[in-house]
Each structure stands twice: as C-alpha cells, then as structure tokens.
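Structural overview
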Number of protein chains: 2
Amino acid sequence: MIARVNVAVTPSAVAIGLRGFVVIVIDVLRATTTIARALENGAQSVIPCLEPEDAISVRNRVGRDRVLLGGERESRKISGFDLDNSPASYTSAVVGGKTVAFTTTNGTRALQRVGHAGAVAVLCGSLNNRDAIVSSLGTIDAKEALLVCAGQDGEFSFEDFFCAGGIASACTERFPNIAFSDAALAAAVTFRSGEDRIADAIASGEHAQSLAALGFRDDIFDAARLDVSRVVPVYRDGEIFRS
Amino acid sequence: MIARVNVAVTPSAVAIGLRGFVVIVIDVLRATTTIARALENGAQSVIPCLEPEDAISVRNRVGRDRVLLGGERESRKISGFDLDNSPASYTSAVVGGKTVAFTTTNGTRALQRVGHAGAVAVLCGSLNNRDAIVSSLGTIDAKEALLVCAGQDGEFSFEDFFCAGGIASACTERFPNIAFSDAALAAAVTFRSGEDRIADAIASGEHAQSLAALGFRDDIFDAARLDVSRVVPVYRDGEIFRS
C-alpha cells in the first residue's frame, strides 16, 4: 500500500535509488500526454529515445514498416520524422499497430533518467489519464509514489507541477491516510486553486505561452482535459506499453 | 528595473552565474526569520558559518566578548553555543551590539552557495519582512529577482516556497509588468491560497510538523507573521548587515 506521495519538480531532483518507489513521469505539454494518446489509439508501443539518431536506429533495427518516428526539437517536428509531438497527430489511422520511436526535449529524457533506478514501476502520467494512473496505484506494491515533473530544459514547469498536484489530490481520495511531502502539498494546493479552469491555469505558464506562440494552442486545450483516458502507459526495459 | 521573478525550489537548482540577479534567500523555519530578528534587535551583524567549528573560529578571531554563537543541528541548540535557532531567543538584551556567528542546517548553507556567484545583492527574506524586501527591490539595479528556497536537507520545503510566493505576489503590485517564471507562478498560487491563514498553511509542512513535535510550535506562529518587520538583511563579503 502506498503510504506517501512526493513530487520531484525536475528530473535532476530525483535521487539515484528508487527501490520501493512507483514513479510517475509527467510531461503534460506534451510527451506523456502524447504517449498515452498513441497507446490509446492502438500503437503497439512507444520507445523513448534520447536523440533523433537513436530513433532512426530503432527504426532500422525493428523495421521501417513497423516503426514511426515521432517527437520534437524546439517544439517542432524533427526533419525526416513522421510525427511531431502533438497528441492530436497520433490518430488510430496513423499509429494503429505501429511502434513509435519517440524523442522529445524533456519527457523522454526524464524517462531515461528514472528508467534504470530500480523503481517498482515507471508510469507516464498526464491530466488526461490522471484518474487511471491513481487507480493503477492501488495494484502496485510500492511504499511511495514519486511524481517526476519533466520540466522545461531542466527548469520547473508549471503544468507538470499542476498535474502532479492533481495526481496527489486524487491519491488522498483513494488512500485516505497517505502522507504528503512538502512538494506534494504545494502541488496539490496549486492544482486545487485551478481545477475549475484547467486550460486557463496551464496556459499561464511560460512553456505553454511559447507553445501557443508557435501555433500549438490546441495542444494546451487537449492536454488540459482531465480524466478522459483510461490508458496507463508502463515503461519497462526501454519500451512503453499499455498496462 | 526588475523585469522577472524566478524561484529556485532548492539551492541546488541555482545556476552558477548570477550576474544581473538580485538573490533573496528564504529559510522561513527558521534561519532567515532569525537573522532578520537578530538585526532588528540590534545585533551588529550575523556571520553565516557552514560548520559549528567555523563559528567558533569566528569567535576566536573577532573576540569572545563581541561574538555570540547561534544556530542548530537537528533543530536544537548546538553544544557550547549561546543561542539556538528560535527567532524569539534573539532579544535586544541578548544580541544588542553583538555579532552572531551563525550556523544552521539549511539556511546558512544556502547563503554560502549563492554568496559567491556574482549577484548584484543577496538578501535574507522571510514572511516577517516580506514587504520590506519587496520595497528594497525598487532600489536595486538588477534584471531579475531569484528567490532561493533553502529547503530541508536538499528537499523542497513548503514554507519556503509559500514565502517565495508571497514575495512574488507582492512584486506584481510594485512592478506591474514583471514576468513570472513557472516556479514563481506556482509559488504565488500556493501563497494566495493560504494567505488568510498563514500559520495553518505553513504548519502543514513536514518540516513544520517535525519542529512542532520538538517543542518549537511557537516559532511557527512567530515566523508566520506577515510584513511585521522593516529589516532587510544584506549578505556581503561573508557577513550579513542591516541595509
């Protein structure tokens, strides 16, 4: 039974050893929102890659007919890639049955960082699948949930902290005696103050504003939808599957 | 004119170079609250020291009649020291005219970390002197204010983040066009959600609860008093003076 919830505001704040922890990596705008969407729409798996050339290597190894290249650099589609980092791009028609070799600036790096630290499980959380993530925690034998905000270029990201607060808030309903770290407490306060107008809340962040300026405003509204997906992406041995 | 306010949730999140920045170190429970109190009550200066033996060296160098030893380890007075880390201990009768050689677990370490990074100025902020700090920013020629939370043993501290949010919130009133980083935005939201019941808000943090369990509950109420002091402690060349 999970007894405590903590939030790492950036991946660099994560300690090395994570035995006994379940880790939820959060990159609301947009990697973990997009990963869940790809799996929801029938992608077989998502393989997070640090660099574009790593994604190309995956495609060469697994087979060009089975692998799509997805992700972003400076928020835009990478040259030669099939897909950008907008969740709306990952439709059933495009990703059904495929593996997505996926590289983004923050989210895939956060997954790589926590992926080899001995956690009981590593999940991908977002506002879209918030309740599904919290439900899944009831089935995982871990002492503590660590919510890892992917952040933005190593800096604090408002929407990830906000989402962590949403997950923490939902944890108190499911695990009534769960203890909150100070970071989880602040995140939950932040979430509750904006939960009636989530899109407005996350649109106020610097990264959201820069995304909007680049033409990705719809992604903010898309990512702001709370509890609309039951998909729980699980990262294991370098690959993300639907649980 | 300060154009942006940012929050570092722990000292380790502070970048190395701080040229053009004014830094406000925040350790509400209790170092920066206590430093301001000592100066308010007539202490000549406070010298932050990393270790107890460093404080003893200061006393031996400056003179036993002029120096008091203050601070804590594991929240309690250090053996052989004159004063603990409770702001209420630093009365005029005790500290008037004296220099305090001061060592604490988090606050003095945070000061040491940011003290040599080229900042325009390094100030000690708390809830007690929140408005005085923000007023002083109007006279400092810096491009950005960086609010550095001392944290707790390298971890996020609720009361420091809350206080950073209080400072950020007051900055918007004094500098109407100031930009907020995402961390400043979340901190301000956290502050505003609790500003009507500050003692309750900061008492909910893990560190506050551990302090209360050790008998320091009064310190929480003391540190929670907003805008009650006009003292702005300035850290320069290894020593903190009243500005």
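**Notes on the interface of chain A and chain B**
At the interface, 22 residues of chain A touch 22 residues of chain B. Taken as a group, F156, D182 and E206 of chain A account for 38% of the area that chain A buries against chain B, more than any other trio of residues on that side. Counting across the chain A and chain B interface gives two salt bridges. The interface formed by chain A and chain B contains seven residue pairs in polar contact (both at pLDDT 80 or more). Among the elements of the structure, strand 1 (4-8), helix 6 (158-174), helix 7 (182-194) and helix 9 (206-213) of chain A are those that each provide at least two residues to the side of chain A that touches chain B. Among the elements that make up the side of chain A that touches chain B, the one with the highest residue count is helix 7 of chain A (seven residues). Among the residues making up the side of chain A that touches chain B, the classes are represented as nine nonpolar, eight polar and five charged.

**Things to note about the pattern of salt bridges**
In this structure the tally under the stated criterion is 18 salt bridges over all chains. Of the charged contacts in the structure, one is a salt bridge between R4 of chain B and E206 of chain A, with a shortest N-O distance of 2.9 Å. With R4 of chain B in strand 1 (residues 4-8) and E206 of chain A in helix 9, the pair connects residues from two separate chains. Residue classification places R4 of chain B among the partly exposed positions, given a relative accessible area of 24%. On the basis of relative accessible area, E206 of chain A is assigned to the partly exposed category, the value being 31%.

**Concerning the confidence of the model for chain A**
Summarising the model, chain A shows a mean pLDDT of 96, and 100% of its residues fall at 70 or more. With a pTM of 0.96, the predicted complex shows an ipTM of 0.95.

**Focus: the packing of aromatic side chains**
Scanning the model with the defined rule gives 11 aromatic pairs over all chains in all. Through successive ring pairs, a cluster of aromatic residues spans F156 and F161 of chain A together with F156 and F161 of chain B. For R30 of chain A, the ring lying beneath its charged end belongs to F216 of chain A, and the centroid distance is 4.4 Å.

**A few points about the environment of E195 of chain A**
Residue and element names in this part refer to chain A. Relative to the helices and strands, E195 resides in the loop between helix 7 and helix 8 (198-203). By relative accessible area, E195 is classed as partly exposed at 36%. Sequence separation of E195 and F162 is 33 residues, and the distance between their C-alpha atoms is 9.1 Å.

**Brief notes about the pairing of strand 2 (residues 21-26) of chain B**
Both faces of the sheet carry side chains from a regular strand, because those side chains alternate between them. Residue and element names in this part refer to chain B. Summarising burial for strand 2: six of the six residues are buried, a large majority. Where strand 2 lies against strand 7 (residues 144-149), six bridges are found, and the strand directions are parallel. Opposite I26, over in strand 7, you have C149 as the bridge partner. Direction of pairing for strand 2 relative to strand 6 (residues 121-125): parallel, over a ladder of five bridges. Residue pairing across strands places I24 opposite L123, the latter belonging to strand 6.

Scoring rules and cut-offs
Residues numbered from 1 in each chain as written. Chains lettered and ligands numbered in written order. Predicted model: local features only at pLDDT ≥ 70, side-chain atom pairs only at ≥ 80, totals over all residues. Heavy atoms only, no water. Contact = heavy atoms within 4.5 Å. Buried area = accessible area lost by both parts, 1.4 Å probe. Salt bridge = Lys/Arg side-chain N within 4 Å of Asp/Glu carboxyl O. Polar contact = N/O pair within 3.5 Å; in protein donor to acceptor, adjacent residues only side chain to side chain. Helix = DSSP H or I, 4+ residues; strand = E, 2+ residues; numbered from the N terminus. Nonpolar A, V, L, I, M, F, W, Y, C, P; charged D, E, K, R; others polar. Buried < 20%, exposed > 50% of the residue type's maximum accessible area, 1.4 Å probe, protein only. pLDDT = per-residue confidence, 0-100. Phe/Tyr/Trp six-rings, centres within 6.5 Å; stacked < 30°, edge-to-face > 60°. Lys NZ or Arg CZ within 6 Å of the ring centre and 35° of its normal. Pairing = 2+ DSSP bridges.

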